Every structure is written in structure tokens, then in C-alpha cells.
Amino acid sequence: MTRSSDMTYAGYLALDDLLSTQHPLSDQHDEMLFVVIHQTKELWLKQILHEVALAQSLIRVGDLVPAYKSLARVSRIQAVMTQSWDILSTMTPADYLKFRGVLGSSSGFQSDQFRRFETMLGLKDPSFLRFHEERPEAHAALKAALAQPSLYDDALAQLAVAGLPVPTEVLSRDVTQPYEPSEAVEAAWLEVYRDTERWWPLYQLAEKLVDLDDALLTWRHKHVVTVERIIGRRRGTGGTEGVAYLASTLTRRCFPELWSLRTKL
């Protein structure tokens, strides 16, 4: 073990290991950018999962205010990830097509960390498990996330703890299944939004959740625009419909009642 007095910047960050993991498969200049952008996103996703896990552990025991910091940090990271699409968009269609063939069937669609993030927010879809069968640890982590209550499940449980009328069937639902919007849940959140001083911790929690959903939607939209700019309407490398698939994700909401209640305020 290195003594603290002997620790260097490169040693602490394991830079020799980190900077040796970029392995472009072609001799095309722009492939390095493609690799670095996607590896950087995966590093940020690792931090996001770290923060969401902490936020969930705090919310589950009723410590709402300390959870705000982690949730706010996640939304800031999401903003940085969204901005990175602007860097990738400096790569023209001609640049990308010179090395696209070496990607084979690999695709960001297969990111297990991104799927875990979606799952932890409440967008549960076990069909994505099949993409990670060759990576047992990743498969197990995603499977575990699918089996656990989501961040939204935890928030709804705290609504009930506070005495707000969340239906028993919502609180005891099968958390492995996708969440279905509830008029009763919307009504409970409406109480919070109509008397923010009384329910201030829950109101602030709700707005932090909306920040996450907003940032995720913004990321998805910029992803769509960037992909269309670079490959048009071609099919994606992972076999998806490319832009058409990405555009279909823009209708997803992790916390549906926090959006729908706004119409009724």
C-alpha cells in the first residue's frame, strides 16, 4: 500500500490504467473521440448510480432533506452528459461512416448502467436483461435493481408515512413491474403542491424528482438530434430502428403524476 506522503496525482487516479483503456479498432482519427465520449458517459453513469443509491437509502428512512444533495448532483451530471452530445456532433457523417463498420452489433442501447439508472428511477423493463447475459455481474446488478423498489416507490412510501392518502394497492404493488399512473397518487401530490409550506420537504423532493426526469428527457432529445445529424434515419448498430426508436422514448415519464398534476393546480 502506498504511503500518503508518496501518493501522486497519477497514482491516486490510477491514470496509467485509466488512459490505457482506449482501443480504437480502426486507423480513423475520429474513432478516438467516439470511444472517449462513451467511456466518459459510463464513468458519469457510475457516479449517478452511486448517488441514486444513497438518495434511496436516505429517503427510505425518512431523511428527505439530506437526499436532496445527491439528487441535485445527479441532475447536474445529467446536464454535463447532455452537453457532451455537442462534442460528438463535431463528427460529420463522413467521419463516422469511415469506422462505423468496426462497431459490429455494439450499441449504447446495450449500456447496463444506463438501464440500471432507468430502472432505479422506475422505468422497469426486464427485456433488457438479455443483453447482459455474457457479463454476469452486470446482469446480476440490473436484475437486482428490477427486483427492488424504485426511487419513486420510495417517495410514494414517504407520502403515506406523512399521512397523505396513497392507496394500499400502490404501496403494496409488485415493484418488479412498470409503474402505472394513479389518479389517487396524483391527488396526494396535489395536496403537497397546494400547501407547500405544510409539506415543504415532500414538495422539495418532488421538484428534485422532476429535475431528474426533465434532465433525462433533455438528454434523450439531444441524443435523437445528434444521431439524426450523424446517421440520419439509418438503423442503429445494435439492430434498433435508430432515430425512430430514440424518438419513441421521449414520451416516457419516470414520475408521471408529478407532471400531470400541474394541469390541475
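Higher on the page you've got the structure.
A brief structural summary. Please read these numbers as outputs of a predicted model, since none were measured by experiment. (Residues numbered from 1 in each chain as written. Predicted model: local features only at pLDDT ≥ 70, side-chain atom pairs only at ≥ 80, totals over all residues. Heavy atoms only, no water.)

## A few points about the overall build of the protein
Summing up its helical and strand segments, the protein has 13 helices and 0 strands in all. In the protein, the succession of α and β elements from N to C terminus is α-α-α-α-α-α-α-α-α-α-α-α-α. With respect to the three principal axes, the spread of C-alpha positions in the protein is 60 × 55 × 35 Å. Here the protein, with 265 residues, has 45% of them falling under the buried criterion. The contacts of the protein with a sequence gap of at least 6 include a subset with a gap of at least 24, amounting to 73%. Carbon and sulfur atoms make up 56% of the accessible area of the protein, which totals about 14200 Å². Mean positive and mean negative side-chain charge positions of the protein (29 and 34 charges, respectively) differ by 2 Å. (Helix = DSSP H or I, 4+ residues; strand = E, 2+ residues; numbered from the N terminus. Buried < 20%, exposed > 50% of the residue type's maximum accessible area, 1.4 Å probe, protein only. Contact = heavy atoms within 4.5 Å. Areas by Shrake-Rupley, 256 points an atom, 1.4 Å probe, with all protein chains shown as cover. Lys, Arg positive; Asp, Glu negative; His and termini not counted. Charge placed at Lys NZ, Arg CZ, Asp CG, Glu CD.)

## Section: a nonpolar patch on the surface
Where nonpolar side chains cluster on the molecular surface, the patch consists of Met7, Tyr9, Tyr12 and Leu13 and spans about 490 Å² of accessible area. Tracing the sequence through the fold places Leu13 in the loop between helix H1 (9-12) and helix H2 (15-18). (Patch = residues over 30% accessible without salt bridge, like charges linked within 9 Å, V, L, I, M, F, W, Y side chains within 5 Å. Salt bridge = Lys/Arg side-chain N within 4 Å of Asp/Glu carboxyl O.)

## Some thoughts on the packing of aromatic side chains
For the structure on display, the rule yields 10 aromatic pairs. Where Phe34 meets Tyr96, the ring centres are 5.6 Å apart and the plane angle is 35°; that geometry is what we call tilted. Of this pair, Phe34 sits in helix H3 (residues 30-60) while Tyr96 is found in helix H5 (residues 93-97), placing the two residues 62 residues apart along the sequence. Of the two residues examined, Phe34 and Tyr96, each falls in the buried class. Through a chain of ring-to-ring contacts, three or more aromatic side chains come together here, namely Phe34, Tyr96 and Phe99. (Phe/Tyr/Trp six-rings, centres within 6.5 Å; stacked < 30°, edge-to-face > 60°.)

## Remarks on the side chain of Ser84
By the secondary structure assignment, Ser84 is in helix H4 (residues 64-88). Classification of Ser84 as buried rests on a relative accessible area of 12%.

## Description of the nonpolar core
In this structure, Tyr152, Trp189 and Leu258 are the most contacted members of the largest nonpolar core, which totals 69 residues. Here Trp189 is in contact with Tyr152, Ala155, Leu156, Leu159, Leu202, Ala206, Glu257, Leu258 and Leu261, once residues within four sequence places are set aside. (Core = buried A, V, L, I, M, F, W, Y, C linked by side-chain atoms within 4.5 Å.)

## Examining the packing of helix H11 (residues 200-231) against helix H13 (residues 256-264)
The interhelical angle for the contact between H11 and H13, taken along N-to-C directions, is 105°, at an axis separation of 9 Å. Considering their axes alone, H11 and H13 lie roughly perpendicular with respect to each other. In this structure, H11 contributes Ala206, Glu207, Leu209, Val210, Asp213, Asp214 and Leu217 to the contact, and H13 contributes Leu258, Trp259 and Arg262. The residue makeup of the contact of H11 with H13, split by class, is 6 nonpolar, no polar and 4 charged. (Axes fitted to C-alpha atoms, helices over the stretch in contact; angles between N-to-C directions. Parallel < 35°, antiparallel > 145°, perpendicular 65-115°, else oblique. Nonpolar A, V, L, I, M, F, W, Y, C, P; charged D, E, K, R; others polar.)

## Remarks on the environment of Val224
You can see Val224 is positioned in helix H11. Along the primary structure Val224 and Leu146 are separated by 78 residues, whereas in three dimensions their C-alpha atoms are 26 Å apart.

## Describing the pattern of salt bridges
For the coordinates displayed, the defined rule picks out 10 salt bridges. Of the charged contacts, one joins Lys222 and Asp86 as a salt bridge, the two residues approaching to 2.9 Å between their closest N and O atoms. Within this pair, whereas Lys222 is found in helix H11, its partner Asp86 is found in helix H4, the two being separated by 136 residues in sequence. Judged by relative accessible area, Lys222 falls into the partly exposed class, the value being 25%. According to the relative accessible area criterion, Asp86 is partly exposed, its value standing at 40%.

## Comments concerning the packing of helix H10 (residues 183-194) against H11
The geometry of a pair of packed helices is captured by two quantities: the angle between their axes and the separation between those axes. Packing of H10 against H11 leaves a shortest axis separation of 9 Å and a crossing angle of 110°. On the basis of the axis angle, H10 is roughly perpendicular to H11. By crossing handedness, the relation of H10 to H11 is classed as left-handed. On H11, the residues that touch Trp189, Val192 and Tyr193 of H10 are Leu202, Tyr203, Ala206 and Glu207. Grouping the constituent residues of the contact of H10 with H11 by class yields 6 nonpolar, no polar and 1 charged. (Left-handed = near helix turned anticlockwise from the far one by under 90°.)

## Quick notes on unusual backbone geometry
Residues other than glycine seldom take positive phi values, yet Ala14 does so here, at roughly 50°. Mapped onto the elements of the fold, Ala14 is located in the loop between H1 and H2.

## So, helix H8 (residues 151-161)
Burial analysis of H8 places 8 of its 11 residues in the buried class, the great majority of the element. Every buried residue belonging to H8 is among Leu151, Tyr152, Asp153, Asp154, Ala155, Leu156, Gln158 and Leu159, and all of these are buried. With its phi angle positive at about 100°, Gly163 sits one or two positions after the end of H8.

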